[in-house]
Amino acid sequence: MKTIVITGASKGIGFETALSLLNQGCYVVAIARSSEELEQLRSQSSSKNLLLITADITSKEELEKISSEVAKLEKIDGLINNAGMVLNRSFLETSQEDWRSIFDVNFFAPVQLIRILKPLLRKGSHIVNIGSMGGFQGSEKFPGLSAYSTSKGALAILSECLNAEFSNEGIAVNCLCLGAVQTKMLEEAFPGYEAPVSPKEMGSYISYFVLNAHNFMNGKIIPVSLNNPD
Ligand SMILES: NC(=O)c1ccc[n+]([C@@H]2O[C@H](COP(=O)([O-])OP(=O)(O)OC[C@H]3O[C@@H](n4cnc5c(N)ncnc54)[C@H](OP(=O)(O)O)[C@@H]3O)[C@@H](O)[C@H]2O)c1
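Residues numbered from 1 in each chain as written. Predicted model: local features only at pLDDT ≥ 70, side-chain atom pairs only at ≥ 80, totals over all residues. Heavy atoms only, no water.

Right, let's talk about the environment of L186 for a bit. Of note, L186 is situated in helix α6 (residues 184-189). Residue classification places L186 among the buried residues on the basis of a relative accessible area of 10%. For the pair formed by L186 and V86, sequence separation is 100 residues and the distance between their alpha carbons is 8.6 Å. (Helix = DSSP H or I, 4+ residues; strand = E, 2+ residues; numbered from the N terminus. Buried < 20%, exposed > 50% of the residue type's maximum accessible area, 1.4 Å probe, protein only.)

Between its first and last C-alpha, helix α1 (residues 12-23) extends 17 Å over 12 residues, near the 16 Å set by a 1.5 Å rise per residue. Of all the 12 residues making up α1, 10 are buried; the element is thus mostly covered by neighbouring parts of the structure. Inspection of α1 places I13, G14, F15, E16, T17, A18, L19, S20, L21 and L22 among the buried residues, and these make up the whole buried set. G25 sits one or two positions beyond α1 and adopts a positive phi of about 90°. (Expected span 1.5 Å × (residues − 1).)

Here we take up the side chain of N81. Along the chain, the position of N81 falls in strand β4 (residues 76-81). Here N129 takes part through its side chain, which lies 2.9 Å from a polar atom of the side chain of N81. Other than its neighbours up to four places away in sequence, N81 contacts T7, P110, L113, I114, I127, V128, N129 and I130. (Polar contact = N/O pair within 3.5 Å; in protein donor to acceptor, adjacent residues only side chain to side chain. Contact = heavy atoms within 4.5 Å.)

Here the focus is the sheet that holds β4. In spatial order, the strands read β3-β2-β1-β4-β5-β6-β7; together these seven strands make up an open sheet with parallel pairing. The open sheet has two free edges, formed respectively by β3 (50-54) and β7 (221-224), since each of these has just one partner strand. On average, adjacent strands in this sheet sit at an angle of 20° to one another, irrespective of strand direction. In this structure, strand β5 (residues 121-132) lies alongside strand β6 (residues 171-178), joined through eight bridges in parallel fashion. (Pairing = 2+ DSSP bridges. Axes fitted to C-alpha atoms, helices over the stretch in contact; angles between N-to-C directions.)

This paragraph deals with the layout of surface pockets. Over the atoms, a rolling probe the size of a water molecule traces out where space has been left empty. Within this model, the largest pocket holds a volume of roughly 1000 Å³. Counting residues per element, the ones that place at least two in the lining of the largest pocket are α1, β2 (27-32), β5, α5 (146-166) and α6. When residues of the lining of the largest pocket are assigned to their parent elements, the largest contribution, five residues, is made by α6. Of the residues assigned to the lining of the largest pocket, the class counts are 22 nonpolar, 15 polar and nine charged. (1 Å grid on protein atoms, 1.4 Å probe; cavity = no way out; pocket = protein on both sides within 12 Å on 5 of 7 lines; lining within 4 Å. Points joined across faces, edges and corners; volume = space filled by probe spheres on them. Nonpolar A, V, L, I, M, F, W, Y, C, P; charged D, E, K, R; others polar.)

Right, let's get into the state of the cysteines. Under the criterion given, the structure shown has zero disulfides. Considering cysteine sulfurs only, C175 is the nearest to C161, which forms no disulfide, with 12 Å between them. (Disulfide = S-S within 2.5 Å.)

Another aspect to go through is helix α3 (residues 60-71). Between its terminal C-alpha atoms α3 stretches 16 Å, which fits the 16 Å expected from 12 residues at 1.5 Å a residue. Residues of α3 that are buried include every one of L63, I66 and V70, and no others. End-on, the buried residues of α3 take up no more than an arc of 55°, which puts them together on one face. Contact partners of the buried residues in α3: β1 (3-7), β2, β3, β4 and α4 (96-117). (Arc of directions from axis to C-beta.)

Listed below in structure tokens is the structure:
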């Protein structure tokens, strides 16, 4: 049985990815701040192979809690850095604090999680970082998303850099740059926009990707987008 750790599993894409992994027989470690929403995973899946960790991934103490809980499992086969936050504010109206908050969740938390969980990743495991088309070079950019898109761009390049350091240990790192998916985050960033992809569809794709794609690609930054806003 494969063990997969996923952040941001309380709602949206992360919730559906976790559910899909549970339905495929994986052991899932699901992390987010909202314990009640995380509990919905328990009620919506008949699988018992689920560990819920209520934690804020930007908190040093709570990262330590994640580390000690996951260490009890011995080895893991995958880490999906999915938790994220968006800010739709024009560049000149953003503060240093805005930039720090976005980078804390979207970039520094994945950096820390990879650092603390690396010793537990077995040979043949797969780290999947969830980026955005906003962080993919050459895509159409949207006003107001400079902090968000820049943080996702950093996450994408981190994925390439870690490939250079981890591939000789059999640990693959890829970044999926998602296009629009109908979630609360999208509704916040683009009110009224109707995305062509549902969280369930994207969750099904990401669960397939984390379990299989590292046999075919490593260190790749991959656009996963049907149309704009991308
Ligand atoms: N939806 C899109 O169109 C789209 C497009 C491109 C990329 N993405 C990326 O896809 C990922 C998932 O997005 P989504 O649309 O599913 O968003 P969402 O519905 O807003 O879900 C975000 C998840 O991140 C968790 N989270 C946020 N801050 C956290 C923190 N400090 N500690 C722990 N967990 C935290 C939230 O849980 P709690 O609030 O319970 O902590 C929630 O489970 C994000 O990385 C996003 O940037 C989404």
